[in-house]
Amino acid sequence: YAINQTSSKLYSQLLPIPGSSELPVGAGATISNIATLGFEAGYYLRPDLSIDVSAGFPMWATDKSKGNPAPPFGAPPNGTLLSKLMPAFVPVTLLYHFNQFGAFQPYIGAGFAPVFSLAHRDEFNTGVTIDPTIGLVLQGGADVMLDQHWGVTFDVKKLFADATSHATGDNLAVIGGPAVIYPVTGTQKTTFQPWILSTGVTYRF
């Protein structure tokens with residue numbers, strides 16, 4: 001389960017004029033939480049040190065406006081669906097395992113994660129593109145081994161990444177306006193810091 005703690009700022013400019021500066025419109029955005037199935041694979045370099053890679057089945061998330069319109073150019077009202085996206089990040093972490101507690105084996109670690117979007121759908125914002133980036137990952141958890149091979153795992157990851165998306169127009173019909181796409185270039189800068197909580201079954205070869 002990904003709890004998306006994000007802080008976003010929306011920027012726009014009336015015309016795509018080369019050299020013109022972007023203008024803040026006084027609004028932000030928020031990305032929804034996601035629940036999905038995931039997996040993690042690890043290789044032990046030694047009994048207390050492993051390299052792990054994890055991923056989840058991609059799911060759609062919503063990106064909605066958050067903030068009041070501000071003059072002179074205004075902003076989409078609170079809760080406007082700006083776009084839908086299918087975020088993906090693949091944490092690669094180095095973990096230290098504490099093996100002195102018997103079947104209870106906690107671990108901590110850190111690493112990095114490529115962050116990108118597998119797909120996106122236009123809503124209020126049209127012509128949406130999302131720049132890939134790299135984020136820092138902190139990880140902690142514990143394996144509770146039931147026998148030599150099988151166990152139950154509990155895991156928490158925290159991702160720190162800065163993401164940027166772009167749009168080439170606004171669909172005014174989404175907020176009850178005329179069915180026209182107004183050619184406004186826009187940028188959304190997001191501090192993307194989700195918590196990723198997971199539990200499951202582990203098997204050691």
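Preceding block: the structure.
Read on for an overview of the structure.

Scoring rules and cut-offs
- Residues numbered from 1 in each chain as written.
- Predicted model: local features only at pLDDT ≥ 70, side-chain atom pairs only at ≥ 80, totals over all residues.
- Heavy atoms only, no water.
- Pairing = 2+ DSSP bridges.
- Helix = DSSP H or I, 4+ residues; strand = E, 2+ residues; numbered from the N terminus.
- Buried < 20%, exposed > 50% of the residue type's maximum accessible area, 1.4 Å probe, protein only.
- Contact = heavy atoms within 4.5 Å.

When strand β10 (residues 104-122) meets strand β13 (residues 133-145), the two strands line up antiparallel, connected through 12 bridges. Its bridge partner being in β13, Y107 is matched across the sheet by G141. Both β13 and strand β14 (residues 150-167) contribute to a ladder of 10 bridges, which runs antiparallel. Residue L138 lies in a different strand from β14, and its bridge partner there is K158.

So, on to the pairing of strand β9 (residues 92-97). Only one face of β9 is buried, namely the one carrying T93, L95 and H97, since none of V92, L94 and Y96 on the opposite face is buried. In terms of strand pairing, strand β6 (residues 49-56) meets β9 through five bridges, oriented antiparallel. Bridged to V53 within β9 is V92. In terms of strand pairing, β9 meets β10 through six bridges, oriented antiparallel. Directly across from V92, in β10, lies its bridge partner F112.

Looking now at the side chain of R204. The topology assignment puts R204 in the segment after β18 (195-203). Non-local contacts of R204, meaning those with residues more than four positions away in its chain, are made with Y44, Q105, D143, M145, Q148 and H149.

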